[in-house]
Amino acid sequence: MKIGLAYDLRADYLAAGYTEEETAEFDRADTIDALESALVSLGYQTDRIGHVRHLMARLAAGDRWDMVFNIAEGMHGIGREAQVPAMLDAYEIPYTFSDPLVMTLTLHKGMTKHVLRDAGVSTTDFTVVEGPQDVRRVAFGPPYFIKPVAEGTGKGVTPDSIVRRRDDLGAACRNLRVAFDQPVLVEPFLSGREFTVGLVGTGADARVLGTMEVLLLKHAEPNVYSYVNKERCEELVSYRLVRPQEDAVVARAEAVAMEAWRVLGCRDAGRVDLRCDTQQDPMFMEVNPLAGLHPQHSDLPILCNLLGIAYVDLIEQIMRSALKRVRQQAGKKGGQAFARRGGA
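Calculation criteria
Every chain begins its residue count from 1, and numbering advances along the sequence as written. Local features in this predicted model are restricted to residues whose pLDDT is 70 or higher, and side-chain atom pairs enter the listing and the counts only when it is 80 or higher, whereas totals over whole chains, interfaces and linings include all residues. Processing note: side-chain calculations cover all non-hydrogen atoms of the structure and skip hydrogens and water entirely. Take a side-chain nitrogen of Lys or Arg and a carboxyl oxygen of Asp or Glu: if they are within 4 Å of each other, that pair is a salt bridge. Secondary structure follows DSSP: runs of H or I at least 4 residues long count as helices, runs of E at least 2 residues long count as strands, and numbering of each begins at the N terminus. Whether a residue is buried, partly exposed or exposed follows from its accessible area with a 1.4 Å probe, protein chains only, as a fraction of its type maximum: under 20%, in between, or over 50%, in that order. When the centres of two rings from Phe, Tyr and Trp lie within 6.5 Å, Trp using its six-membered ring, the rings pair. Their planes under 30 degrees apart give stacked, over 60 give edge-to-face, and anything left gives tilted. Charges are assigned to positions over rings by a cutoff of 6 Å between ring centre and Lys NZ or Arg CZ, combined with an angular limit of 35 degrees from the ring normal. Definition used in this section: a nonpolar core is a set of buried Ala, Val, Leu, Ile, Met, Phe, Trp, Tyr and Cys residues joined via side-chain atoms within 4.5 Å. Contact between two residues is taken to exist if any of their heavy atoms lie within 4.5 Å; hydrogens are not considered. In short, DSSP must find at least two bridges between two strands for them to pair. Axis definition: a line fitted to C-alpha atoms, limited for helices to the stretch in contact. Angles are taken between N-to-C directions and run from 0 to 180 degrees. Oblique is the label for every angle not falling under 35 degrees (roughly parallel), over 145 degrees (roughly antiparallel), or within 65 to 115 degrees (roughly perpendicular). Helix crossings get a hand from a simple test, with the near helix turned counterclockwise from the far one by less than a right angle marking a left-handed crossing and a clockwise turn marking a right-handed one.

1. Details of the pattern of salt bridges
Here the structure, examined in full by the defined rule, presents 26 salt bridges. Salt-bridge contacts for Glu-20 lead to Arg-10; the nearest nitrogen and oxygen are separated by 3.2 Å. With a gap of 10 residues between them, Glu-20 in the loop between α1 (10-15) and α2 (29-41) and Arg-10 in helix α1 connect regions that are remote in the sequence. On the basis of relative accessible area, Arg-10 is assigned to the buried category, the value being 11%.

Now the structure itself:
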């Protein structure tokens, strides 16, 4: 089975003049090497495609794949994570992870919280600030937590993201809007425990892999799982495996994560980040349906390492979920489309 690899290589964008922070979500070369090695060891034939423009050129040249393992984040626009999935949908080529709707929705943290709040999933109050008039609409008191509405990897998150006085909120939001050229999400600052829940599967087949607690070390930027802390996690962060049968708060966190995953329609694998309020109730913060896959540096593989799940086994579970979806869809269509692509 021929698997194309769609990805954004960080080194390519750095060479083109983009900054370290602008390229923070993109992949290192050793991530692609590890992913390809895992797929090959599972018996797949691989073909490196690269980013969305490379994919466009390859499709125009007539190249096709039985499936694309998609980890391309995209560079521009609120729909940047949806670009590769949308293009593959147009050519009826199956791919791993979520569809264009989910990718676009979940990149916008405010829209994600609107959907989940309406569905009754535990999340904090919030306001999306696009201008000074929106600051006046913030109906809850300080301390606040602010971040760009559509970034990942902790981009825009620093100790200054905690705003302790209402009088300072307008200026803080203005500075962040200017820096990232996008609206700002304002939430109450949650001072409790922080968890990352890993999930695999889709819909009714989805299950929790496990949960780790994020613990900031002495020299880390305080109180926030920031861009700096994430980039230097090996020296600034400790990750502790926690189990629901031993900790009722973890059990509640996993229940919230699973509910959010299914409500949003996320597929195959990813993670949900939660933080507790003063009552130790876990609150949904954000979901990553396109989680990083560096074997040692990315949160989902770090969690798998703590669980004793080998990297190749994680990739196998992702492929198993994606193949099951594709076969089920092919069955609904009489199997013709998947058969034309040579799927087994």
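2. Overview of the packing of aromatic side chains
All chains considered together, the criterion is met by 6 aromatic pairs. On the numbers, 5.8 Å between centres and 55 degrees between planes, the contact of Phe-140 with Tyr-144 is tilted. By the ring-pair criterion, three or more aromatic residues cluster together here, those being Tyr-13, Tyr-18 and Phe-26. For Lys-230, the ring lying beneath its charged end belongs to Tyr-225, and the centroid distance is 4.7 Å.

3. Concerning unusual backbone geometry
Cis geometry marks the peptide bond from Pro-142 to Pro-143, where omega comes out at 0 degrees. Structurally, Pro-143 is set in the loop between α7 (132-135) and β5 (144-148). Phi is positive for Phe-97, close to 70 degrees, though the residue is something other than glycine. Within the secondary structure, Phe-97 sits in the loop between α4 (83-90) and α5 (100-107).

4. Thoughts on the nonpolar core
Formed by 33 residues in total, the largest nonpolar core has its most connected members in Leu-39, Phe-69, Phe-97, Leu-293, Ile-315 and Met-319. The element that contributes the greatest number of residues to this core is helix α13 (residues 311-332), accounting for 8 residues. If we ignore the near neighbours within four places in the chain, the residues touching Phe-69 are Ile-3, Gly-4, Leu-5, Ala-6, Leu-35, Leu-39, Thr-96, Phe-97, Leu-293, Ile-315, Ile-318 and Met-319. Among the nonpolar cores identified, the runner-up in size contains 24 residues, and Leu-116, Val-242, Val-249 and Val-250 belong to it.

5. A closer look at the pairing of strand β11 (residues 269-276)
Counting buried positions along β11 yields 8 of 8 residues, so the element is predominantly enclosed. Along β11, one buried face is formed by Ala-269, Arg-271, Asp-273 and Arg-275 and the opposite face, lined by Gly-270, Val-272, Leu-274 and Cys-276, is buried too. Where β11 and strand β12 (residues 282-288) come together, 6 bridges link them in antiparallel fashion. Residue Val-272 lies in a different strand from β12, and its bridge partner there is Val-287. Linking β11 back to β12 in an antiparallel pair, the connection comprises 5 residues, with Gln-280 at a positive phi of about 60 degrees.

6. Here we look at the environment of Asp-12
By the element assignment, Asp-12 lies in helix α1. Here the alpha-carbon distance between Asp-12 and Asp-27, two residues 15 residues apart in the chain, equals 9.9 Å.

7. Digging into the environment of Ile-3
With respect to the secondary-structure elements, Ile-3 resides in strand β1 (residues 2-6). Owing to a relative accessible area of 0%, Ile-3 belongs among the buried residues under this scheme. Through-space distance from the C-alpha of Ile-3 to that of Gln-328 is 19 Å; in sequence the pair is 325 residues apart. Aside from chain neighbours lying at most four places away, what touches Ile-3 is Leu-39, Tyr-44, Gln-45, Thr-46, Asp-47, Trp-65, Met-67, Phe-69 and Met-319.

8. Points about the packing of helix α3 (residues 52-60) against α4
Interhelical geometry of α3 versus α4 gives an angle of 15 degrees and a closest axis separation of 10 Å. Judged by the inter-axis angle, α3 sits roughly parallel to α4. At the point where α3 passes α4, the crossing takes the left-handed sense. For the pair formed by α3 and α4, the contact residues are Val-52, Leu-55, Met-56 and Leu-59 on the first element and Gln-83, Val-84, Met-87 and Leu-88 on the second.

9. Observations concerning the sheet that holds strand β10 (residues 237-242)
On the basis of which strands lie adjacent, the open sheet formed by 5 strands has the order β10-β9-β8-β11-β12 and antiparallel pairing. Looking at which strands have only one partner, the edges of the open sheet turn out to be β10 and β12. Taken pair by pair, the neighbouring strands of this sheet meet at an average axis angle of 30 degrees, ignoring direction. Summarising the sheet, strand β8 (residues 194-200) and strand β9 (residues 207-216) pair through 6 bridges and their orientation is antiparallel. Residue pairing in the sheet places Phe-195 in a bridge with Glu-213 of β9.

10. Some words on the sheet that holds strand β3 (residues 67-70)
With respect to topology, 3 strands assemble into an open sheet ordered β2-β1-β3, the strand pairing being parallel. Where the open sheet ends on each side, the last strands, each with one partner, are β2 (45-50) and β3. Across the sheet, the axes of successive neighbouring strands diverge by a mean angle of 30 degrees, strand direction being ignored. As paired strands, β1 and β2 are joined by 5 bridges and run parallel to one another. Across the sheet, residue Lys-2 finds its bridge partner in β2, namely Gln-45.

Honestly, that's just the spatial picture; any functional story needs more than this.
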